[in-house]
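Chain by chain, the residues:
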Amino acid sequence: MSELPEHVARNRALWDDWAAKYVASGERRWASADPIWGVFRVPESEVGMLPDDLAGKDAIELGCGTAYVSAWMARRGARVVGIDNSEAQLATARRLQREHGLDFPLVHGNAERVPYPDASFDFAISEYGACLWADPARWVAEAARLLRPGGRLAFLTNAFLLTLCVPDETDVPATDRLLRPAFGMYRVEWPNDPGVEFHLSHGDWIRMLRRSGFEVEDLIEVRPAADATTSYPYVTLEWARQWPCEEVWKARKR
Ligand SMILES: C[S@@+](CC[C@H](N)C(=O)[O-])C[C@H]1O[C@@H](n2cnc3c(N)ncnc32)[C@H](O)[C@@H]1O
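Quick look at the structure, then.

Thresholds applied
- Residues numbered from 1 in each chain as written.
- Predicted model: local features only at pLDDT ≥ 70, side-chain atom pairs only at ≥ 80, totals over all residues.
- Heavy atoms only, no water.
- Near = heavy atom within 4 Å.
- Polar contact = N/O pair within 3.5 Å; in protein donor to acceptor, adjacent residues only side chain to side chain.
- Areas by Shrake-Rupley, 256 points an atom, 1.4 Å probe, with all protein chains shown as cover.
- Nonpolar A, V, L, I, M, F, W, Y, C, P; charged D, E, K, R; others polar.
- Core = buried A, V, L, I, M, F, W, Y, C linked by side-chain atoms within 4.5 Å.
- Buried < 20%, exposed > 50% of the residue type's maximum accessible area, 1.4 Å probe, protein only.
- Helix = DSSP H or I, 4+ residues; strand = E, 2+ residues; numbered from the N terminus.
- Contact = heavy atoms within 4.5 Å.
- Pairing = 2+ DSSP bridges.
- Salt bridge = Lys/Arg side-chain N within 4 Å of Asp/Glu carboxyl O.
- Lys, Arg positive; Asp, Glu negative; His and termini not counted.
- 1 Å grid on protein atoms, 1.4 Å probe; cavity = no way out; pocket = protein on both sides within 12 Å on 5 of 7 lines; lining within 4 Å.
- Points joined across faces, edges and corners; volume = space filled by probe spheres on them.

### Overview of the site of the ligand
The full set close to the ligand counts 18 residues, and Asp84, Gln89, Asn110, Ala111 and Glu127 are the nearest of them. In the environment of the ligand, an oxygen atom lies 2.9 Å from a nitrogen or oxygen atom belonging to the side chain of Gln89. Bound to the protein, the ligand loses 96% of the 580 Å² it would expose on its own. Class assignment of the residues belonging to the shell around the ligand gives a composition of 8 nonpolar, 8 polar and 2 charged.

Spelled out as structure tokens, the structure:
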């Protein structure tokens, strides 16, 4: 524990504390045959987070939480590993593995230092996991190390624009006002929240990915359907229909 970077130790404590709140949504997503993504449950057909040819491939989920994304990949025939910083989140994941009759390695650890050799995987994915809570300079480089040449990375996180517009107050939704500077944003600590997040501008993500050995293949600004719903308080459907509240990055290891 003492060897963990400060932000990883803080986020471990936070997610061990929050894990109970994520049990029900984890159960629902494990039970969903078709992948649904993000806070508005956008269908896979809208974002294509998963490659079509996952069967027989080695895939890792970086910050798997309750591991429903890993479950979707395992059901598509991938050899899956999930790594997460929170033992409490993994306890839910392990129970759901047993209940759904799926078995794949779940590693308790920091996605910035994954205990697998170089070039072990064909695909790496994160949905609000390492891509939001781990230091991009560390986890993107680690994803590049873990992937084989030509391997793919996909991640979904808060859109940069949303991060500029979300009020500091907890549970207050984003408005159409820019509330903080875009330049220089990287590590973000919200006033009423003990966690540490990382938010990068699009230019910074592109440079980070390219510097780490990736070619950027796509950036999808997610737009939920007109009848989509969310249980998250920080963005309304009205907002998310006008501006992207989430973004999906896809990259390929050179
Ligand atoms: C929002 S959950 C992501 C899982 C799931 N896709 C979801 O959206 O509920 C965030 C997860 O990231 C994990 N996490 C945070 N920092 C991490 C790190 N450095 N390495 C691995 N996992 C991390 C947390 O423990 C938590 O389970």
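### Notes on the nonpolar core
Ranked by internal contacts, the top residues of the largest apolar core, which has 53 residues, are Trp37 and Met73. Here this core gets 6 residues from one element, more than from any other, and that element is helix H4 (residues 68-75). Discounting residues that sit within four places of it in the chain, Met73 has contacts with Leu50, Leu54, Ala59, Glu61, Ala78, Val80, Phe123 and Ile125. Ranked by size, the runner-up nonpolar core spans 27 residues in total, among them Leu147, Leu200, Leu209 and Ala251.

### Concerning the pairing of strand S7 (residues 147-158)
Two elements, strand S6 (residues 121-127) and S7, share 6 bridges in a ladder whose sense is parallel. Counterpart to Phe123 in the pairing with S7 is Arg152. Bridging between S7 and strand S11 (residues 246-253) involves 7 bridges; their strand directions are antiparallel. The residue bridging Ala154 from the neighbouring strand is Lys250, located in S11.

### As for the environment of His108
Turning to its location among the elements, His108 is positioned in strand S5 (residues 106-108). Taking relative accessible area as the criterion, His108 reaches 33% and is therefore assigned partly exposed. When the C-alpha positions of His108 and Pro244 are compared, they lie 32 Å apart, and in sequence the two are 136 residues distant. With near-sequence residues (within four places) excluded, His108 lies in contact with Arg12, Asp84, Asn85, Ser86, Glu87 and Leu90. Reaching out from His108, the side chain makes a polar contact with the side chain of Glu87 at a distance of 3.3 Å.

### What about helix H7 (residues 136-146)?
Regarding H7, the residues found buried are Pro136, Trp139, Val140, Glu142, Ala143, Ala144 and Leu146. For H7, the N-terminal capping position is held by Asp135, with its side-chain oxygen 3.0 Å away from the main-chain nitrogen of Ala137.

### Considering the pattern of salt bridges
Pairs may arise between side chains of opposite charge once their charged atoms sit close together. Summed over all chains, the structure comprises 22 salt bridges. Sharing partners across several salt bridges, the network here consists of Glu6, Arg10, Arg187 and Glu189.

### Some words on the side chain of Glu61
Mapped onto the elements, Glu61 comes out in strand S3 (residues 58-62). The charged side chain of Glu61 is buried without a salt bridge, its nearest counter-charge being Arg29 at 9.6 Å.

### Observations regarding empty space enclosed by the protein
Enumeration according to the criterion identifies 1 cavity of 30 Å³ or more in this entry. By volume, the largest cavity amounts to about 40 Å³. For the largest cavity, the full set of lining residues is Thr157, Asn158, Ala159, Phe160, Thr163, Phe198, His199, Leu200, Trp205 and Glu247. Broken down by secondary-structure element, the contributors of at least two residues to the lining of the largest cavity are S7 and helix H8 (160-165). Tallied by class, residues from the lining of the largest cavity come to 5 nonpolar, 4 polar and 1 charged.

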